[in-house]
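Each chain, written out:
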Amino acid sequence: NYRDDFDMVGVIANKCGSNYHGQLVRDALPDDLPLWAALKRDESIELPERHLGLVQPSEQKEDWIESRLESGADLLEEAGILPFVDTLKPVQFMSQQIPAVCPDALLGKTIAIARDDAFSFTYTANITLLQDMGAKICYFSPIRDDSIPTELRLCGYLVATPSFMRKCCPRTRA
């Protein structure tokens, strides 16, 4: 009961190692919050991961996400929670007031974004915001390019460890 604008109606525990594990979760919940299901560990629904994040969809077989969704749906059906789901109210999203950005705050600045097999995750909204503030966006590949774009004064690699950079990007120089 941490938020007045949110009604928690039930819990689905996943990766339970045993029935006893599920019982421990059930016992830890308040009386007014039911455990709808204690799902056992199941590799067929897991998303592959590695240090610093998930394995990207482009690295997977074509039908990998569809098979995981199907397995997850089967698991939820077997757990018997579908009657609970049918009682849920639709989610309603509230519109947000977003303050206007200063359109020339980054005018004349160039921001380089690493993009290749190793650097493939960005939020489109963040890039759009930088452009709306006047920045020029360019992309480069730390793995394939010999250098970063020359018009830069500062460049950062996000979510890349030094050991990864040495191994994957030995040719890149600033």
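Residues numbered from 1 in each chain as written. Predicted model: local features only at pLDDT ≥ 70, side-chain atom pairs only at ≥ 80, totals over all residues. Heavy atoms only, no water.

S.K.: So, a negative patch on the surface: which residues are in play, and what are the values?
M.R.: Taken together, the side chains of Glu62, Asp63, Glu66, Glu70, Asp74, Glu77 and Glu78 define an acidic patch exposed on the protein surface. Tracing the chain through its elements places Glu77 in helix H2 (residues 64-79). (Patch = residues over 30% accessible without salt bridge, like charges linked within 9 Å, V, L, I, M, F, W, Y side chains within 5 Å. Areas by Shrake-Rupley, 256 points an atom, 1.4 Å probe, with all protein chains shown as cover. Salt bridge = Lys/Arg side-chain N within 4 Å of Asp/Glu carboxyl O. Lys, Arg positive; Asp, Glu negative; His and termini not counted. Charge placed at Lys NZ, Arg CZ, Asp CG, Glu CD. Helix = DSSP H or I, 4+ residues; strand = E, 2+ residues; numbered from the N terminus.)

S.K.: I'd love a proper account of the environment of Ser141, names of residues and values included.
M.R.: Among the structural elements, Ser141 can be located in the loop between strand E6 (136-140) and helix H5 (162-168). The spatial distance from the C-alpha of Ser141 to the C-alpha of Asp117 is 8.5 Å, given a sequence separation of 24 residues. With residues up to four places along the chain from it excluded, the contact list for Ser141 reads Arg115 and Asp116. Within the structure, the side chain of Ser141 is placed 2.9 Å from the backbone nitrogen of Arg144, a separation counted as a polar contact. (Contact = heavy atoms within 4.5 Å. Polar contact = N/O pair within 3.5 Å; in protein donor to acceptor, adjacent residues only side chain to side chain.)

S.K.: Could you give me a rundown of the pairing of E6, with the residues and numbers involved?
M.R.: Strand direction decides the pairing type here: strand E5 (residues 110-114) and E6, joined by five bridges, are parallel. The residue of E6 that forms the bridge with Ala112 is Cys138. For the handedness criterion, the β-α-β arrangement of E5, helix H4 (residues 124-132) and E6 is classed as right-handed. (Pairing = 2+ DSSP bridges. Right-handed = clockwise from strand over helix to strand, strands pointing away.)

S.K.: Let's hear about the nonpolar core: which residues, and what values?
M.R.: Counting residues in hydrophobic clusters, the biggest one holds seven residues: Ala112, Ala114, Phe119, Cys138, Phe140, Ile148 and Leu152. The set of elements that each furnish at least two residues to this core consists of E5 and E6. With residues up to four places along the chain from it excluded, the contact list for Ala112 reads Cys138, Phe140, Pro149 and Leu152. Val11, Cys16, Leu29 and Leu35 belong to the second largest nonpolar core, which has six residues in total. (Core = buried A, V, L, I, M, F, W, Y, C linked by side-chain atoms within 4.5 Å. Buried < 20%, exposed > 50% of the residue type's maximum accessible area, 1.4 Å probe, protein only.)

S.K.: Residues and numbers for unusual backbone geometry, please.
M.R.: The general pattern is negative phi for most residues beyond glycine and trans for most peptide bonds. Of note, the phi angle at Lys15 is positive, near 60 degrees, even though the residue is not glycine. Overall, Lys15 belongs to the partly exposed group, its relative accessible area being 41%.

S.K.: Tell me what's going on with the pairing of strand E1 (residues 11-16), and back it up with residues and numbers.
M.R.: Here E1 runs beside strand E2 (residues 35-40); their pairing, made up of four bridges, is parallel. Looking at the pairing, Val11 lines up with Leu35 of E2. In this fold, E1 hands off to helix H1 (residues 19-28), which returns the chain to E2; that crossover is right-handed.

These figures come from the coordinates and say nothing about function on their own.
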